[in-house]
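# Fold and geometry: a report
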Amino acid sequence: VQLVESGGGLVQAGGSLRLSCAVSGNIRSLNAMGWYRQAPGKQRELVATMHPGGGSTNYADSVKGRFTISRDNAKNTMYLQMNSLKPADTAVYYCNAKPWLAPGENLPDYWGKGTLVTVSS
């Protein structure tokens, strides 16, 4: 499985960006997918997740009401629509996918290389 992010860039506070994550490979092996971010000097943190079939979603408190996660199964692409951006949203954003696990199985998550989002004040 390969994950490739795109859509990052420089935006002013209050602006919007849409990140994309193109998924290739054995897509049927994937369980939940989501977005994480890592700001300079900070640990990577969860931004949003989506369960298979476009089901339930989960957001970090800091982005609720501003960010929306979605997916287009026909295009094998996941999105993160980011509105009302703040300087605190500046980070490298990573696409994440978790593999389906059989009982007792332990496999690592899949990660993209990240895309930088910079929000200026």
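Further up the page is the structure itself.
All values reported here derive from a predicted model rather than from experimental measurement.

All right, on to the overall build of the chain then. Across its full length, the chain holds zero helices and eleven strands. For the chain, the N- to C-terminal ordering of α and β elements is β-β-β-β-β-β-β-β-β-β-β. At 14 Å, the chain has a C-alpha radius of gyration in line with the 14 Å of a compact globule built from 121 residues. With the C-alpha coordinates aligned to their principal axes, the bounding extent of the chain is approximately 45 × 30 × 25 Å. Counting the 121 residues in the chain, one finds 38% classified as buried. For the chain, the share of sequence-separated contacts (at least 6 apart) that also reach a separation of at least 24 residues comes to 55%. Averaged over its 12 positive side-chain charges, the chain has a centre that lies 4 Å from the centre of its 7 negative ones.

On to the environment of Ser120. As for its placement among the helices and strands, Ser120 is situated in strand S11 (residues 115-120). For Ser120, a relative accessible area of 25% puts it in the partly exposed group. A sequence separation of 106 residues divides Ser120 from Gly14, and the C-alpha atoms of the two residues are 9.4 Å apart. Setting aside its immediate chain neighbours within four residues, Ser120 contacts Leu10, Val11, Gln12, Ala13 and Pro87.

Here we come to the sheet that holds strand S7 (residues 67-72). The antiparallel open sheet is built from four strands, whose spatial order is S1-S3-S8-S7. Of all the strands in the sheet, the pair left with one neighbour each is strand S1 (2-6) and S7. Here the average twist between neighbouring strands, direction ignored, is 15 degrees. Sheet topology places S7 next to strand S8 (residues 77-82); six bridges connect them, and they run antiparallel. Bridged to Arg71 within S8 is Met78.

In this section: the pattern of salt bridges. Should the charged atoms of two oppositely charged side chains come close, the side chains can pair. Inspection of every chain in the model, using the stated rule, returns five salt bridges. Residue Asp89 is joined to Arg66 by a salt bridge in which the shortest nitrogen-to-oxygen separation is 2.8 Å. Remark: Arg66 occurs in the loop between strand S6 (57-59) and S7 and Asp89 occurs in the loop between S8 and strand S9 (91-99); sequence separation between them is 23 residues. Residue Asp89 shares its accessibility class with Arg66, and that shared class is buried. A cluster of three or more residues bridged by salt bridges with shared partners is formed by Arg37, Glu45, Arg66 and Asp89.

Turning next to unusual backbone geometry. A positive phi is found at Asn76, a non-glycine position, where the angle reads about 50 degrees. With respect to the secondary-structure elements, Asn76 resides in the loop between S7 and S8.

The subject of this paragraph is the nonpolar core. Among the nonpolar cores identified, the biggest contains 28 residues, and Trp35, Leu80, Met82 and Tyr93 are the most heavily contacted of them. Among the elements of the structure, strand S3 (17-24), strand S4 (30-38), strand S5 (45-50), S7, S8, S9 and S11 are those that each provide at least two residues to this core.

Another aspect to go through is the pairing of S11. With burial as the criterion, only one face of S11 is covered, namely that bearing Thr115, Val117 and Val119; the residues Leu116, Thr118 and Ser120 on the opposite face remain uncovered. Two elements, strand S2 (residues 9-12) and S11, share four bridges in a ladder whose sense is parallel. When the sheet's bridge partners are listed, Gly9 is paired in S11 with Val117.

With that out of the way, let us pick up the side chain of Asp89. A relative accessible area of 1% means that Asp89 is categorised as buried. Apart from residues lying up to four places away in sequence, Asp89 is in contact with Arg37, Arg66, Phe67, Ser84, Val117 and Val119.

Thresholds, definitions, all that
- Residues numbered from 1 in each chain as written.
- Predicted model: local features only at pLDDT ≥ 70, side-chain atom pairs only at ≥ 80, totals over all residues.
- Heavy atoms only, no water.
- Helix = DSSP H or I, 4+ residues; strand = E, 2+ residues; numbered from the N terminus.
- Rg over C-alpha atoms; globule rule 2.2 N^0.38 Å.
- Buried < 20%, exposed > 50% of the residue type's maximum accessible area, 1.4 Å probe, protein only.
- Contact = heavy atoms within 4.5 Å.
- Lys, Arg positive; Asp, Glu negative; His and termini not counted.
- Charge placed at Lys NZ, Arg CZ, Asp CG, Glu CD.
- Pairing = 2+ DSSP bridges.
- Axes fitted to C-alpha atoms, helices over the stretch in contact; angles between N-to-C directions.
- Salt bridge = Lys/Arg side-chain N within 4 Å of Asp/Glu carboxyl O.
- Core = buried A, V, L, I, M, F, W, Y, C linked by side-chain atoms within 4.5 Å.

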